[in-house]
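Summary of structural features
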Amino acid sequence: MTDQYDEKHADAVAAATPAEAERVGATASGLADGEWHRLHRATPLLRGGLMFFGILGIVIVNLRELLIDLFIPGPGYQGDTVDYILEEGILPLVLLGVLGILVVTMVFFYISWRMHTFRVTEELVEVRSGVVFRTHRRGRLDRIQGINVQRPLFPRIFGTAKLEVEVAGQDANVALAFLAGRAADELRADILRLASGTREKEAGATGEPARDAEGNILDRRVHELLAPELDPALAAEESVVRVGVGRLIGSTVLSSAMIFLVLVLAGAIVALVITGEPWALLGLIPFLLGFGGFLVNRVVKSLRYSIAATRDGVRIGYGLLSIRNDTLPPGRIHSISVNQELLWRPFDWWTIRVNRASRSSTQTDGGQSNTTVLPVGSREDVFRVLELLLPDLVEADLRTLTEHGLGRGRDEVFTNSPRRARVLRWFSQRRNGFALVDGAVLMRRGAIWRELVIVPMPRMQSVDVRQGPLMRRLRLAAVNVHTVAGPITASIGALDADDAQRFFSELAAASIDSAQSDRTHRWGESAAKVSETPAAVAPGAHAAAAEAGTTSAPAAVTPDAAPVAPAPTPAPASAPTQAPLTPAPEGRRETE
Amino acid sequence: MTDEQTPTPANPEPLAPREPATAPTADATAAAPPVNGTSDAATPPAPVTTDPAATTETAVPTTPAPTTDAPSTAPDASPASAGAASAGATSADSASADSATASTSGAPLAPKNGIAPVTGEWVRVSPKYLTVDLISTIVWGIIMTVAVGIPWALTQLSGLIALPIVMFVIFLIATILTPRRVRAIAYQLRDDDLVFRRGILFQRFVAVPYGRMQLVDVTRGPLARAVGLSELKLVTAAAASNIDIPGLPAETAEQLRDHLVDLAESRRAGL
């Protein structure tokens, strides 16, 4: 069993040429080589060991007298403990006792550290942990839904980070807590490479270049604390979307949560004025504290927000003191919702949320779950983020579509509800509508709280159409596109019955086609295959480039391209794609 | 608004063993004979939309009138005729009396002006499921009425008797509507997906591609077991696409499950 990652090894690897790096476990971090490894030595402390000491301290302070009476018989001493010890000359005894407790704790921590191991092979990542109750958790690499690296404040001071491999399901993530900071980043790159199916020799530059390793430990810590959250070498600047502090605060102030808070306050003040009793306000204080804390948290944890396109998908990073970044490989986003609060309309701000297959019931340290991709952004930001999230829709069309989708009244691109739907949709009848394009379904809903829902076609699970008695009377129907569970429900009601039935049939057919041709779960493979086909004939090459341009995320067509390609610029001529994700001309097109 | 439909060539495998044509032919619906060729499965009849009985759509809105029993005259082996019949029969037909023995052949019950996004031959669930559904509705009705009546029994306040009475009325209505509801449950195995329909007042059609099926479950409650039926549940990655086919004969359910599992395996698509 090899020992934990250590800095010397990292230095050796960082200095090695790529060829040598291949030899050394074929990974930059040296951790993804199929052997069992241990975590950072400070892990038991960081995982709550400190709590233990804190609690112990509190207990001792409060029960000091009792404990002393218990252990040192004799007449109760009324003075200070330390004086007592010194007078009675039992100092060595007490020190020995304290030392004993410390030793026992250390031993326990050491055992718990030794028993916690992980392994990353070509196909899965496993974690074994537990002293008394052993657990063994395993996640398949080709089924990962995302990877995130978190650096809460306290572990950050130690220079460690937590790496979590997200797997489909509720609370099914495989967590490696805590690893050395740099090891976590490099291991993340390795896991993504393995999950993408890219063969080693195409790997080229690793996703995250190693942070400089010189300087003593203090320098390194300070550097890590002050480093920008998103390494500039990782993603080209023009593909990065950021959220400014002013906008963040403004959007929170104008959000419906804040409106609710203000209303409650107003109601309490009115009650106060009417009844003259101050108790109403007093009762509000816990609510204010809690709610206010929630809102403040929302702002603070979204500071330094950035969304960027990397070779392995979309990378979302945020946080000031505790930072976190998520990487979403292509094809892991199950539906997207762009919506706008009422008071954001004058500023044209929107927020983007997604449905993902992995859900955690515990909120991340941010108060917002991992389903919010863009907390607030202008319309231009929305376009850019959607381009990152939906790279296989042709870029120009996506922008136009989104323009139409975020617009106000009736629209020629979207099939809208008929006038008689006004009974069911008082305000949004004109805006309510759907559009079916190559590779995605779009739905527009709502007039006061405007929403645009986009479901990529390969991620659609099933579809249903329904009609109740009232709708039947009005000759309307509702269509519901099923995706994995999450905050977004892709359903649209009050459609003309014929439109709805046609929509249903088209969706059923289109989803089958796209499901069969979807290859996003091995995005590196498709990119590699494309780059291998010799660019012999010009049209052939053109077609290959075109198809590659429309493959999943910014897959580099040539291996030595910059590690990042912003949302693929579509081939100048035809965008082919019946099925948008067909990776390579022939050969790979398996029809099942 | 009539639903005009062209019947499509029938699916190669209608998996529900239909009851041998127990045709009470007496049931002579005006509709059926002109429509069915009674004949070959080979040729789908020309757009049968001009089913003279189709005009009866304007007729009695509430009688369930299973025109569906008409094709029972034709040998059940001819799917096309059944398909044809279903084409004309999606709207209620008043001209027929209720048949004494309902069969699973024929079109599921649908309201007039309803939606019918899927053409083709529907396979209905077994009519024995009616027994199961009725009994369970009645039992639930009794339990709920008693439960809701407890406050009245304890306090003897005259106003509280409204609660059990309302509950009783609700369950009475549900029981009366049960036969119609059972006749409206049907499924269809198409080339690449499974379509399921349910409901008359609240209609719902679901299409699930084979490659998306994650789990197929066959369950049997005590009542269902007593009459030889099972329930088939399909699970996909989305919780909302719950397809629950009750009332399948046990044999059929097993076959259907195996068939679906094979199809799902061969068309396996990612998440």
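Cut-offs and rules
- Residues numbered from 1 in each chain as written.
- Chains lettered and ligands numbered in written order.
- Predicted model: local features only at pLDDT ≥ 70, side-chain atom pairs only at ≥ 80, totals over all residues.
- Heavy atoms only, no water.
- Helix = DSSP H or I, 4+ residues; strand = E, 2+ residues; numbered from the N terminus.
- Buried < 20%, exposed > 50% of the residue type's maximum accessible area, 1.4 Å probe, protein only.
- Contact = heavy atoms within 4.5 Å.
- Areas by Shrake-Rupley, 256 points an atom, 1.4 Å probe, with all protein chains shown as cover.
- Salt bridge = Lys/Arg side-chain N within 4 Å of Asp/Glu carboxyl O.
- Polar contact = N/O pair within 3.5 Å; in protein donor to acceptor, adjacent residues only side chain to side chain.
- Pairing = 2+ DSSP bridges.
- Axes fitted to C-alpha atoms, helices over the stretch in contact; angles between N-to-C directions.
- Parallel < 35°, antiparallel > 145°, perpendicular 65-115°, else oblique.
- Patch = residues over 30% accessible without salt bridge, like charges linked within 9 Å, V, L, I, M, F, W, Y side chains within 5 Å.
- Lys, Arg positive; Asp, Glu negative; His and termini not counted.
- Charge placed at Lys NZ, Arg CZ, Asp CG, Glu CD.
- Core = buried A, V, L, I, M, F, W, Y, C linked by side-chain atoms within 4.5 Å.
- pLDDT = per-residue confidence, 0-100.
- Expected span 1.5 Å × (residues − 1).
- Phe/Tyr/Trp six-rings, centres within 6.5 Å; stacked < 30°, edge-to-face > 60°.
- Lys NZ or Arg CZ within 6 Å of the ring centre and 35° of its normal.

Next up on the list: the overall build of chain B. Secondary structure summary: chain B contains six helices and seven strands in total. Counting from the amino terminus, helix and strand elements in chain B follow one another as α-α-β-α-α-β-β-β-β-α-β-β-α. Looking at chain B as a whole, 48% of its 271 residues qualify as buried. For chain B, the share of sequence-separated contacts (at least 6 apart) that also reach a separation of at least 24 residues comes to 67%. Summed over all atoms, the accessible surface of chain B reaches about 12000 Å², with 66% contributed by carbon and sulfur.

What follows covers the overall build of chain A. Secondary structure assignment for chain A yields 18 helices and 23 strands. Residues classed as buried in chain A amount to 50% of the 592 residues present. Restricting to contacts in chain A with at least 6 residues of sequence separation, those with at least 24 account for 62%. When the accessible surface of chain A is split by element, carbon and sulfur atoms take 63% of a total near 27100 Å².

A few words now on the interface of chain A and chain B. Many descriptions give the size of an interface as the accessible area lost when the pieces come together. Contacts between the two partners involve 33 residues from chain A, matched on the other side by 33 residues from chain B. In this assembly, chain A and chain B are joined by one salt bridge. The partner of R204 of chain B in a salt bridge is D464 of chain A, and the shortest N-O contact between them spans 3.2 Å. Counting every contact that joins chain A to chain B gives 11 residue pairs in polar contact (both at pLDDT 80 or more). When contributions to the side of chain A that touches chain B are tallied by element, the ones reaching two or more residues are β21 (462-467), α15 (469-473), β22 (476-482) and α16 (497-516) of chain A. A total of nine residues in the side of chain A that touches chain B trace back to one element, the largest contributor, which is α16 of chain A.

Residues and elements named next belong to chain B. Tracing the sequence through the fold places Y129 in helix α3 (residues 129-155). Note: C-alpha distance between Y129 and D191 (62 residues apart in sequence) is 27 Å. Leave out the neighbours within four places in its chain, and Y129 touches V182, I185, L229, P246 and G247.

Residues and elements named next belong to chain A. Taking strand neighbours across the sheet as the criterion, the four strands line up as β1-β2-β3-β4 in an open arrangement whose pairing is antiparallel. Since the sheet does not close on itself, it has two edges, and those belong to β1 (36-38) and β4 (135-140), each with one partner. In this sheet, neighbouring strand axes are inclined to one another by 20° on average, regardless of whether the strands run parallel or antiparallel. Looking at chain direction, β1 and strand β2 (residues 117-120) are connected through three bridges and run antiparallel. Each residue of the ladder has a partner; that of W36, found in β2, is R119.

The next subject is the packing of α3 of chain B against helix α4 (residues 162-183) of chain B. Residue and element names in this part refer to chain B. Packing of α3 against α4 brings their axes to within 9 Å, and their N-to-C directions diverge by 175°. By the angle between their axes, α3 is roughly antiparallel relative to α4. Of the residues in α4, those touching α3 at Y129, L130, D133, L134, T137, I138, W140, G141, M144, T145, V148 and G149 are L163, P164, M167, F168, F171, A174, T175, T178, P179, R181 and V182.

The grouping of L96, L99, V103, V107, F108, Y110, I111, M115, V131, V132 and F133 of chain A at the surface amounts to a nonpolar patch, some 1100 Å² of accessible area in total. Relative to the assigned elements, F108 of chain A resides in helix α6 (residues 91-114).

There is a patch of like positive charges on the surface, built from R345, R408, R410, R419, R422 and R430 of chain A. Mapped onto the elements of the fold, R419 of chain A is located in the loop between β17 (415-416) and β18 (433-437).

Residues and elements named next belong to chain A. In total, this model carries 25 salt bridges over all chains according to the counting rule given. As a salt-bridge pair, E451 and R445 come within 3.3 Å of each other at their nearest N and O atoms. The same class applies to E451 and to R445, which are both buried. A salt bridge links R502 to E506, with the nearest nitrogen and oxygen atoms 3.7 Å apart. Here the residue R502 and the residue E506 both occupy positions in helix α16, the gap between them amounting to four residues, near one helical turn. A residue is classified by how much of its surface remains accessible, and R502, at 39% relative accessible area, is partly exposed. Residue classification places E506 among the partly exposed positions, given a relative accessible area of 33%. The network of salt bridges with shared partners includes E166, R324, D326 and R356.

All names here are of chain A. Where burial is concerned, most of strand β12 (residues 323-328) is hidden: six out of the six residues are buried. Residues I323, N325 and T327 point to one face of β12 and R324, D326 and L328 to the other, with burial holding for every one of them. Relative to β12, strand β5 (residues 144-151) runs antiparallel, the two being bridged by five bridges. From the neighbouring strand, N148 faces β12, where its bridge partner is D326. Here strand β11 (residues 313-318) pairs with β12 via five bridges, running antiparallel. Within the sheet, the bridge partner assigned to R315 lies in β12 and is T327. From the end of β11 to the start of β12, which pair antiparallel, there are four residues, and G319 there has a positive phi angle of about 115°.

The next thing to look at is the nonpolar core. If you look at the biggest cluster of nonpolar residues, it comprises 39 residues, and the most contacted ones within it are I307, I336, I352 and L389 of chain A. Of all the elements, helix α13 (residues 379-389) of chain A adds the most residues to this core, at five residues. Excluding residues within four positions of it along the chain, I352 of chain A makes contact with I336, S337, V338, T371, T372, V373, L374, V382, V385, L386 and L389 of chain A. Of all hydrophobic cores here, the second largest spans 29 residues; its members include M460, F503 and F504 of chain A together with W122 of chain B.

This brings us to the sheet that holds strand β6 (residues 229-235) of chain B. Backbone hydrogen bonds are what pair the strands of a sheet, in a parallel or an antiparallel way. Residue and element names in this part refer to chain B. With antiparallel pairing, three strands are arranged side by side in an open sheet as β5-β6-β7. Strands at the two margins of the open sheet, each flanked by one partner only, are β5 (215-219) and β7 (243-249). The mean inter-strand angle of the sheet, taken between neighbouring strand axes irrespective of direction, is 20°. Bridging between β5 and β6 involves five bridges; their strand directions are antiparallel.

Regions with low pLDDT should not have their predicted coordinates read in detail. Here chain A shows a mean pLDDT of 76. Residues at 70 or above account for 73%. By mean pLDDT, the top-scoring element of chain A is β22 of chain A (94), and the lowest-scoring one is helix α18 (residues 538-549) of chain A (40).

With 24 residues, α6 of chain A should reach 34 Å at 1.5 Å per residue; the first-to-last C-alpha distance of 34 Å fits that figure. Along α6 of chain A, the residues that are buried comprise T105, F109 and W113 of chain A.

Residues and elements named next belong to chain A. Evaluated as defined, the whole model comprises 12 aromatic pairs over all chains. Taking 5.9 Å as the distance between ring centres and 65° as the angle between the ring planes, the aromatic pair formed by F260 and F291 counts as edge-to-face. Separated by 31 residues along the polypeptide, F260 in helix α11 (residues 256-275) and F291 in helix α12 (residues 279-301) bring together distant segments of the chain. Given a relative accessible area of 18%, F291 falls into the buried group. Ring centres 6.0 Å apart and planes at 50° place the aromatic pair F291 and F294 in the tilted group. Of this pair, F291 and F294 are both found in helix α12, three residues apart, which corresponds to roughly one turn of the helix. The exposure class of F294 is partly exposed, given its relative accessible area of 34%. Members of the aromatic cluster, joined through ring pairs, are F260, F287, F291 and F294. One Lys or Arg, R128, reaches over the ring of W36 and ends 3.9 Å from the middle of that ring. Sitting over the face of the ring of F414, R444 holds its NZ or CZ atom 5.1 Å from the ring centroid.

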